[in-house]
Amino acid sequence: PEKKFVAPLGDRYLNFYNHVLAEVRKKHPGARVIGYAYENYLEAPKKTRVSDGVIIEFVPRSYFPYDREESEYFRKQWLGWRAAGARDMKLRPNYMLAGGNFPFDQGRIILEDFAFAFTNGMTRCCFDSFRGSHATHAVMDYALIRAFRDPTHGYDRARAEMLDAFGSAKREVARYFDAIAAHTAKWTLPAFREISWKNSMGGNLGGGSFFNCPSILEEYFDDAFFPRMNGLLAAARTAARAATSTASAIPRPP
């Protein structure tokens, strides 16, 4: 999402994949070729058809925030590749990279798009860079992993499963998760791009990708954010300790 957009090269790359497949099949008739739909060749081809035997590995724009605008773009391009003849499509997103390691949750829209891909020709998937930011991306990470078992399981059911693990602190932890999701939803991709363009430390990269997020955190979080979140977590700890104390006070049978 730079200010100067480059020409989409989907047709050029697909033409190359088709030619490679044709050459390889001269010696190996059953061979297949896998090629990316990525970066400036993510947009679906306009003139070229996907040859039978070409697998398209689709890497969506996984910027932060992943909002409805990005979701619409994802679905349009995914269906565009399908309309161009892609019958074997692999989803390989960078969801774990976008947004750095700070607290955010854009899992609901991502899970909706994951289910959309599954019901529209996704035959396989994998994630890039599962970096272990579980403390800050807890619900989103769990929901995405859960989707591997059932792509239509959805965000809400996964969230409910995770909350059940917190027992007596469930209500307070839910308030924390809700606050993170609400804060994330306040941001739109155009607003985040504008911050990035104006921030020279971010390299003027023009988006919420993993490159420049740390340099613009002061614009994303105000001074009250972390004390408020810590207060919610403290309430959860109190609820958990109270339940533990009550349980330990119950006499055990001899």
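So, here is what we can say about the structure in this document.

Parameters and conventions
- Residues numbered from 1 in each chain as written.
- Predicted model: local features only at pLDDT ≥ 70, side-chain atom pairs only at ≥ 80, totals over all residues.
- Heavy atoms only, no water.
- Axes fitted to C-alpha atoms, helices over the stretch in contact; angles between N-to-C directions.
- Helix = DSSP H or I, 4+ residues; strand = E, 2+ residues; numbered from the N terminus.
- Parallel < 35°, antiparallel > 145°, perpendicular 65-115°, else oblique.
- Contact = heavy atoms within 4.5 Å.
- Nonpolar A, V, L, I, M, F, W, Y, C, P; charged D, E, K, R; others polar.
- Buried < 20%, exposed > 50% of the residue type's maximum accessible area, 1.4 Å probe, protein only.
- Core = buried A, V, L, I, M, F, W, Y, C linked by side-chain atoms within 4.5 Å.
- Expected span 1.5 Å × (residues − 1).
- Pairing = 2+ DSSP bridges.
- Right-handed = clockwise from strand over helix to strand, strands pointing away.
- Phe/Tyr/Trp six-rings, centres within 6.5 Å; stacked < 30°, edge-to-face > 60°.
- Lys NZ or Arg CZ within 6 Å of the ring centre and 35° of its normal.

Structural notes on the packing of helix 3 (residues 107-118) against helix 4 (residues 138-149)
For any two helices packed against each other, the geometry is given by the interaxial angle and the distance between the axes. Packing of helix 3 against helix 4 leaves a shortest axis separation of 9 Å and a crossing angle of 10 degrees. Between helix 3 and helix 4, the angle is such that the two are roughly parallel. Across from Gly107, Ile110, Leu111 and Phe114 in helix 3, the residues of helix 4 making contact are Met140, Ala143, Leu144 and Ala147. Here the residues of the contact of helix 3 with helix 4 sort into seven nonpolar, one polar and no charged.

Digging into the environment of Pro103
Its location among the elements puts Pro103 in the loop between strand 3 (89-91) and helix 3. Judged by its relative accessible area of 11%, Pro103 falls in the buried class. Considering only alpha carbons, one finds Pro103 and Thr136, 33 residues apart in sequence, at a separation of 4.4 Å. In contact with Pro103, other than residues within four places in its own chain, are Thr136, Ile180, Tyr220, Phe221, Phe225 and Phe226.

Thoughts on the nonpolar core
One finds Ile56, Phe58, Trp78 and Trp81 to be the most contacted residues of the largest nonpolar core, which totals 62 residues. Phe58 has contacts with Ala37, Leu42, Phe74, Gln77, Trp78, Trp81, Met89, Lys90, Leu91 and Arg92, leaving out every residue within four places of it along the chain.

Focus on helix 3
End to end, helix 3 covers 16 Å across twelve residues, agreeing with the expected 16 Å (1.5 Å per residue, within 8%). The buried count for helix 3 comes to nine of twelve residues, which makes it a mostly enclosed element. Against the buried residues of helix 3 lie helix 2 (68-83), strand 3, strand 4 (122-125), helix 4 and helix 5 (155-164).

Some remarks on the environment of Ala236
Along the chain, the position of Ala236 falls in helix 9 (residues 225-249). Residue classification places Ala236 among the buried positions, given a relative accessible area of 7%. Between the C-alpha atom of Ala236 and that of Ala174, which follows or precedes it by 62 residues, the distance is 9.2 Å.

Some remarks on the sheet that holds strand 4
Strand order in the open sheet formed by four strands is 1-2-3-4, with parallel pairing between adjacent strands. The sheet is open, and its two borders are formed by strand 1 (33-37) and strand 4, each paired with just one other strand. Pairwise comparison of adjacent strand axes, ignoring direction, gives a mean angle of 30 degrees for this sheet. Judged from the five bridges that link them, strand 1 and strand 2 (residues 54-58) form a sheet pairing that is parallel. For Val33, the partnering residue across the bridge sits in strand 2 and is Val54. Together, strand 1 and strand 2 form the strand contacts of helix 1 (residues 10-24), whose direction differs from that of strand 1 by roughly 175 degrees.

With respect to the pairing of strand 2
The buried count for strand 2 comes to five of five residues, which makes it a mostly enclosed element. Here strand 2 shows two buried faces, one formed by Val54, Ile56 and Phe58 and the other by Ile55 and Glu57. Relative to strand 3, strand 2 runs parallel, the two sharing three bridges. Looking at the pairing, Glu57 lines up with Lys90 of strand 3. On the question of chirality, the crossover connecting strand 2 to the parallel strand 3 by way of helix 2 is right-handed.

Notes on the side chain of Arg92
By the secondary structure assignment, Arg92 is in the loop between strand 3 and helix 3. With relative accessibility at 7%, the residue Arg92 sits in the buried group. Setting aside residues no more than four positions away along its own chain, Arg92 makes contact with Tyr36, Tyr38, Glu57, Phe58, Val59, Pro60, Cys126 and Asp128.

What about the packing of aromatic side chains?
On inspection of all chains with the given rule, the structure shows 22 aromatic pairs. Their ring planes at 80 degrees and their centres at 4.6 Å tell us that Tyr220 and Phe221 sit as a pair that is edge-to-face. Phe221 carries the same exposure label as Tyr220, and that label is buried. Among the aromatic side chains, those forming a connected cluster through ring pairs are Phe102, Phe104, Trp187, Tyr220, Phe221, Phe225 and Phe226. Seen from the ring of Tyr73, Arg61 lies directly overhead, with NZ or CZ sitting 3.8 Å from the centre.

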